[in-house]
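# Structural features, examined
So you can see what is in the structure, the chains are spelled out below.
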Protein chains: 2
Amino acid sequence: MGTRWGINRTVAQIHALLFIFPRPLNAEEIAETLSIARSNVSNSLRELQGWHIVKLVHVMGDKRDHFESLKDVWEMFRIVLDERKQREIDPTVAMLEECIREAAAGKGTDNYTEERLRELHSFFDKTTTWYAQVAKLPASALMKLMNLGDKMLKLLGAGG
Amino acid sequence: MGTRWGINRTVAQIHALLFIFPRPLNAEEIAETLSIARSNVSNSLRELQGWHIVKLVHVMGDKRDHFESLKDVWEMFRIVLDERKQREIDPTVAMLEECIREAAAGKGTDNYTEERLRELHSFFDKTTTWYAQVAKLPASALMKLMNLGDKMLKLLGAGG
DNA sequence: CTATCTATTCAGTATAGACAGAAATGGATG
DNA sequence: CATCCATTTCTGTCTATACTGAATAGATAG
């Protein structure tokens, strides 16, 4: 699945290994377990740390670096969404706004195209704003939201 | 942005072109506008049709095939999510269930690992179930949900 | 039936990115 | 200050896949 979402195989493998493993592992152990080059492990670990879902930890009496994955799936999901929003959505929205500005200035763009751009922008805007609201809900509220099920329609029809 | 989400450049370009263009285009026009090979257009169009976000239409007095994009951004988003769920999430969940079964049968997997797998599975399960509920909401209800904002917390605290 | 126009398939090429192994760096310890 | 070990950086190779251009298939009109 990872590959289809722009995550390379090695990175995904290492993360999976750290996620399911009960204790932190050092680079050597990872390389050996997955049969991949030491340097590859090093780079992949840096990437995972860049995503803030793997952390470096020290094990007493061992000077080598050890690594462990975040274990809370929900938290991990939230962190990755935040990160991707920042890296991918935000620049996209900025570019959309630039396009719309240019289009509005009338540089050969017809109204139809401009309208499409506005709708796209509005979609991103609404979605990210909503997400920002949800992301700051406490875990308990999030669980309630997830468990609403059919009650959702009633609730939205009445109160919202 | 497309590239980072596992969509290749040409496919994304063609879809963008069809999305912003006021009328259906034929393959020739697309190839020329984007300076890509005719065959590449043909394959990319097939892929886009596979995602159900681009449709073949006929233009009177012209025997060539013309193509147009779905224009409703929300609807497109929903369709793509559905499709990706089916292609990527569902098989992943099936594999997770298989792993859990094997782990439970005690094939050398420790309890810790099994517990991680269960949590991961539960996450997918909750998320997809919730999504299925939301996806069938009428557009108006969806908009209400998106516009809840700070009211969300109150609503969940009380009614949920 | 043949000519012409469109769309698809196929086979080879090009390219981007993953990966390995060697070299270099860093930093601790005696 | 030299040595040793862990880690990172660098460079070349390999692989997967995007892409092209030519060949093929299919349809329609004359």
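Okay, so let's go over this structure. Residue indices begin from 1 for each chain and proceed along its sequence in written order. Written order decides the labels, with chains lettered from A and ligands numbered from 1. Since the coordinates come from a predicted model, pLDDT governs what is reported: local features require at least 70, and pairs of side-chain atoms require 80 or more to be given and counted, while whole-chain, interface and lining totals use all residues. Water and hydrogen atoms play no part in the side-chain values, which are based on all heavy atoms of the structure.

### Brief notes about the protein's contact with DNA strand D
Near DNA strand D there are 15 residues, and of these A:Ser42, A:Arg46, A:Asp65, B:Thr10 and B:Ser39 occur at the shortest range. Within 4 Å of the protein, the contacting atoms of DNA strand D are 76% sugar and phosphate, with bases supplying the remainder. Within 3.5 Å is the distance limit for a polar contact, defined as a pair of N or O atoms, with the added protein rule that one can donate a hydrogen and the other accept it, and that residues adjacent in sequence qualify only through two side-chain atoms. A:Asp65 has a polar backbone atom sitting 2.4 Å from a phosphate oxygen of DNA strand D. Within the side chain of B:Asn40, one N or O atom sits 2.9 Å away from a phosphate oxygen of DNA strand D. Numbering of helices and strands runs from the N terminus, with a helix taken as a DSSP run of H or I at least four residues long and a strand as a DSSP run of E at least two residues long. Contributions of two or more residues to the surface near DNA strand D are made by α3 (38-50) of chain A together with α1 (9-20) and α3 (38-50) of chain B. The rule for a residue being near a molecule or strand is that one of its heavy atoms must lie within 4 Å of it.

### Describing unusual backbone geometry
The phi dihedral of A:Ser35 is positive, around 55°, even though this residue is not glycine. Mapped onto the secondary structure, A:Ser35 falls in the loop between α2 (27-34) and α3. Relative accessible area serves as the criterion here: at 64%, A:Ser35 is assigned to the exposed category. At B:His52, a position not held by glycine, the phi torsion is positive, near 60°. Throughout this description, buried means an accessible area under 20% of the type-specific maximum (1.4 Å probe, protein chains only), exposed means over 50%, and partly exposed covers the range between. According to the relative accessible area criterion, B:His52 is partly exposed, its value standing at 43%.

### Some remarks on the sheet that holds strand β2 (residues 54-58) of chain A
Residue and element names in this part refer to chain A. Pairing between two strands requires that DSSP report at least two bridges joining them. Taken together, 3 strands build an open sheet; the order of strands is β1-β3-β2 and the sheet is antiparallel. If you trace the sheet from one side to the other, it starts and ends with β1 (25-26) and β2, each paired once. As defined by bridge partners, β2 adjoins strand β3 (residues 65-69) across 5 bridges and the pair is classed as antiparallel. The residue of β3 that forms the bridge with His58 is Asp65. The contact definition used throughout considers only heavy atoms, calling two residues in contact when any of these lie within 4.5 Å. Comment: axis = line fitted to C-alpha atoms, over the contacting stretch for helices; angle = value between 0 and 180 degrees taken between N-to-C directions. Here α3 sits on the sheet and contacts β2 and β3; the angle it forms with β2, its principal contact strand, is near 110°.

### Considerations on the protein's contact with DNA strand C
Not every one of the 16 residues close to DNA strand C is listed here, only the nearest: A:Thr10, A:Ala37, B:Arg38, B:Arg46 and B:Asp65. Within 4 Å of the protein, atoms of DNA strand C come from sugar and phosphate in 76% of cases. Contact between DNA strand C and B:Arg46: a phosphate oxygen at 2.4 Å from a side-chain N or O atom of the residue. Of all elements in the fold, only α1 (9-20) and α3 of chain A together with α3 of chain B reach the threshold of two or more residues within the surface near DNA strand C.

### Observations regarding the environment of A:Arg64
Inspection of the secondary structure puts A:Arg64 in the loop between β2 and β3. Setting aside chain neighbours within four positions, we find A:Arg64 in contact with A:Asn26 and A:His58.

### Examining the side chain of A:His121
Residues and elements named next belong to chain A. Topologically, His121 is positioned in helix α5 (residues 111-135). Taking relative accessible area as the criterion, His121 reaches 17% and is therefore assigned buried. A distance of 2.8 Å separates a polar atom in the side chain of His121 from a polar atom in the side chain of Glu97. Setting aside residues up to four positions removed in sequence, His121 forms contacts with Val93, Leu96, Glu97 and Ile100.

### Section: the interface of chain B and chain A
The interface is formed by 47 residues belonging to chain B together with 48 residues belonging to chain A. The term buried area denotes the loss of accessible surface (1.4 Å probe radius) that occurs when two parts are joined, taken as the sum for both partners. Around 4,800 Å² of area is buried between chain B and chain A when both sides are counted, 75% of it from carbon and sulfur atoms. Looking at the side of chain B facing chain A, the largest losses of area belong to B:Phe123, B:Trp130 and B:Leu156, adding up to 14% of the total buried there. Think of a salt bridge as a Lys or Arg side-chain nitrogen and an Asp or Glu carboxyl oxygen that are within 4 Å of each other. Connecting chain B to chain A are 0 salt bridges. Here chain B and chain A share 10 residue pairs in polar contact (both at pLDDT 80 or more) between them. Secondary-structure elements contributing two or more residues to the side of chain B that touches chain A are α1, α4 (73-104), α5 (111-135), α6 (139-147) and α7 (151-158) of chain B. Looking at the side of chain B that touches chain A element by element, the count peaks at 12 residues for α5(B). Its residues assigned to classes, the side of chain B that touches chain A shows 27 nonpolar, 9 polar and 11 charged. Residues are grouped as follows: nonpolar covers Ala, Val, Leu, Ile, Met, Phe, Trp, Tyr, Cys and Pro; charged covers Asp, Glu, Lys and Arg; every other residue, Gly included, is treated as polar.

### Quick notes on the relation of the copies chain B and chain A
In superposing the copies, a least-squares fit is computed on C-alpha atoms, taking residues whose pLDDT is at least 70 in both. Structural alignment of chain B on chain A gives an RMSD of 0.1 Å, achieved by rotating through 180° and translating 0.0 Å along the axis. This pairing of chains is accounted for by a two-fold axis. The share of interface residues of chain B whose copies in chain A are also at the interface is 100%, consistent with both copies meeting through the same surface.

### Here we look at empty space enclosed by the protein
Both cavities and pockets are sets of points on a 1 Å grid over the protein atoms alone; in a cavity a 1.4 Å probe fits but cannot get out, in a pocket the set is open with protein on both sides within 12 Å along at least five of seven lines, and lining residues sit with an atom within 4 Å of a point. Grid points are joined across faces, edges and corners, and a volume is the space filled by probe spheres set on the points. Under the definition given, this model contains 1 cavity of 30 Å³ or more. In this model, the largest cavity occupies a volume close to 60 Å³. For the largest cavity, the full set of lining residues is A:Leu145, A:Leu148, A:Met152, A:Leu155, A:Leu156, B:Leu145, B:Leu148, B:Met152, B:Leu155 and B:Leu156. Those elements giving two or more residues to the lining of the largest cavity turn out to be α7 (151-158) of chain A together with α7 of chain B. When grouped by side-chain class, the residues that make up the lining of the largest cavity number 10 nonpolar, no polar and no charged.

Functional significance is not addressed by these values, which are geometric in nature.
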